[in-house]
Amino acid sequence: RCVQETGINAEYMGNIQKLTNFRNFSTMAESNQAFLGYYGIKWRGEPLRILLSVAGIPWENRVTDLQTWLSQGKNELQSPFPNVPYLEHNGKVLTQTGAIAQYIVHVANRPDLLGKGEDAILVTQVRGVIADLIATFTIMVNPFVENYVELAKQALADKSQPLLKQLNTFLGDKEFLVGYFTHADIELYFCLDFINALEPSALADHQNLVRLHQRVAQVSEVAAYLSSERNIGKTYLVKM
């Protein structure tokens, strides 16, 4: 079943046609152009798309579907740990979102995006809380069941609120989570964007987070990505 209002919809198939086809896995790019391989949805790929844009690395989507990935892509990807999302850049292929993020920051010489000095520990800690938050309405609620939207909304009301409150309090009146823009803000932006698509009222008591969501979208590189052809749109999850 497709549920358009939550971004779990047929737009996924349109993204398959609109964006770069997933093919020729064995030939790796030998230029500064990066390719992010993932399904035609936001999910685990979106924070990386935004990070690539912020870091200033030229990149393109390489979109696949589950059947193509399992039958072709997984076997042909030149990686000891084939998985999606993956990043192909300068003859290298990386998988696992944490490793990809570290690589992007390293190549772009933007260590500040993972936190300056000891702030890096705090950024990692906050990213862990964000991962726990998004798990409350995704991993803990099977997104591939017919009544996922109803279950996710209930989880947002019951299980997500304590973590939203913690993050809202931690942010306070700061501009960004640790005082300046980092990868943690990107990941929280995506999480809040997803929540806003599912149930905007879930953020009603967390106005610091609402303002952060707006603020991140106004960062010049983020705004440029969101208005570009590479933007997946509102497809957050889909039955693949």
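Every chain is numbered independently, its residues counted from 1 as its sequence is written. Per-residue local features are limited, in this predicted model, to residues with pLDDT of at least 70; the limit for side-chain atom pairs, both in listing and counting, is 80 or more; totals at the level of whole chains, interfaces and linings are taken over all residues. With hydrogens and water stripped out, all remaining heavy atoms of the structure feed into the side-chain values.

Novice: Explain the pattern of salt bridges residue by residue, including any values.
Specialist: Salt bridges, as used here, are contacts in which a Lys or Arg side-chain nitrogen is within 4 Å of a carboxyl oxygen on Asp or Glu. Within the structure shown, the criterion is met by 7 salt bridges. Residue Arg110 pairs with Asp112 through a salt bridge whose shortest N-O separation is 2.9 Å. Close ionic contact of Lys234 with Asp193 constitutes a salt bridge, the shortest N to O distance being 3.9 Å. In this pair, Lys234 is assigned in the segment after helix H10 (220-226) and Asp193 in helix H8 (residues 183-198), connecting sequence segments 41 residues apart. A relative accessible area of 47% means that Lys234 is categorised as partly exposed. Residue Asp193 is classed as buried on the basis of its relative accessible area, which comes to 8%. Beyond isolated ion pairs, a larger network of salt bridges with shared partners links Lys42, Glu46 and Arg49. Helix and strand definitions follow DSSP, with helices as H or I runs of at least four residues and strands as E runs of at least two, each counted in order from the N terminus. Relative accessibility decides the category of a residue: with a 1.4 Å probe and only protein chains considered, values under 20% of the type maximum give buried, values over 50% give exposed, and everything between is partly exposed.

Novice: Break down the packing of helix H7 (residues 161-171) against helix H9 (residues 207-218) for me, citing the residues and quoting the values.
Specialist: For any two helices packed against each other, the geometry is given by the interaxial angle and the distance between the axes. To get an axis, a line is fitted to the C-alpha atoms, and for a helix only the part in contact is used. The angle between two axes follows their N-to-C directions and goes from 0 to 180 degrees. In contact at an axis separation of 8 Å, H7 and H9 are set at 70° when each is read in the N-to-C sense. By the angle between their axes, H7 is roughly perpendicular relative to H9. Contacts from Leu164, Leu167, Asn168 and Leu171 of H7 reach H9 at Gln207, Asn208, Leu209 and Leu212. The class makeup of the residues in the contact of H7 with H9 is 5 nonpolar, 3 polar and no charged. Working rule for angles: under 35 degrees goes down as roughly parallel, over 145 as roughly antiparallel, 65 to 115 as roughly perpendicular, anything else as oblique. Between two residues, a contact is recorded if the distance between any of their heavy atoms is within 4.5 Å. Classes in brief: Ala, Val, Leu, Ile, Met, Phe, Trp, Tyr, Cys and Pro nonpolar; Asp, Glu, Lys and Arg charged; the others, Gly included, polar.

Novice: Give a detailed account of H8, specifying residues and quantitative values.
Specialist: In this model, H8 (16 residues) spans 23 Å end to end at C-alpha, consistent with the 22 Å of a helix rising 1.5 Å per residue. Where burial is concerned, most of H8 is hidden: 14 out of the 16 residues are buried. The length a helix should cover is 1.5 Å for every residue beyond the first.

Novice: Describe in detail unusual backbone geometry, supporting the description with residues and values.
Specialist: Val84 connects to Pro85 through a cis peptide bond whose omega is 0°. Phi angles above zero are rare outside glycine, and Trp43 is one such case at about 30°. Here Trp43 shows up in the loop between strand E1 (34-39) and helix H2 (46-55). A positive phi is found at Asn90, a non-glycine position, where the angle reads about 50°. Among the residues examined, Asn90 registers a relative accessible area of 31% and is labelled partly exposed.

Novice: For the sheet that holds strand E4 (residues 92-95), give the residues involved together with the corresponding values.
Specialist: For two strands to be treated as a pair, DSSP must find no fewer than two bridges joining them. Strands sit in the order E2-E1-E3-E4 across an open sheet of 4 strands; the sheet is mixed. The open sheet is flanked by strand E2 (59-64) and E4, the only strands paired with a single partner. Between one strand axis and the next, the sheet turns by 20° as a mean value, whatever way the strands run. As defined by bridge partners, strand E3 (residues 86-89) adjoins E4 across 4 bridges and the pair is classed as antiparallel. By the bridge assignment for E4, His89 is matched with Lys92.

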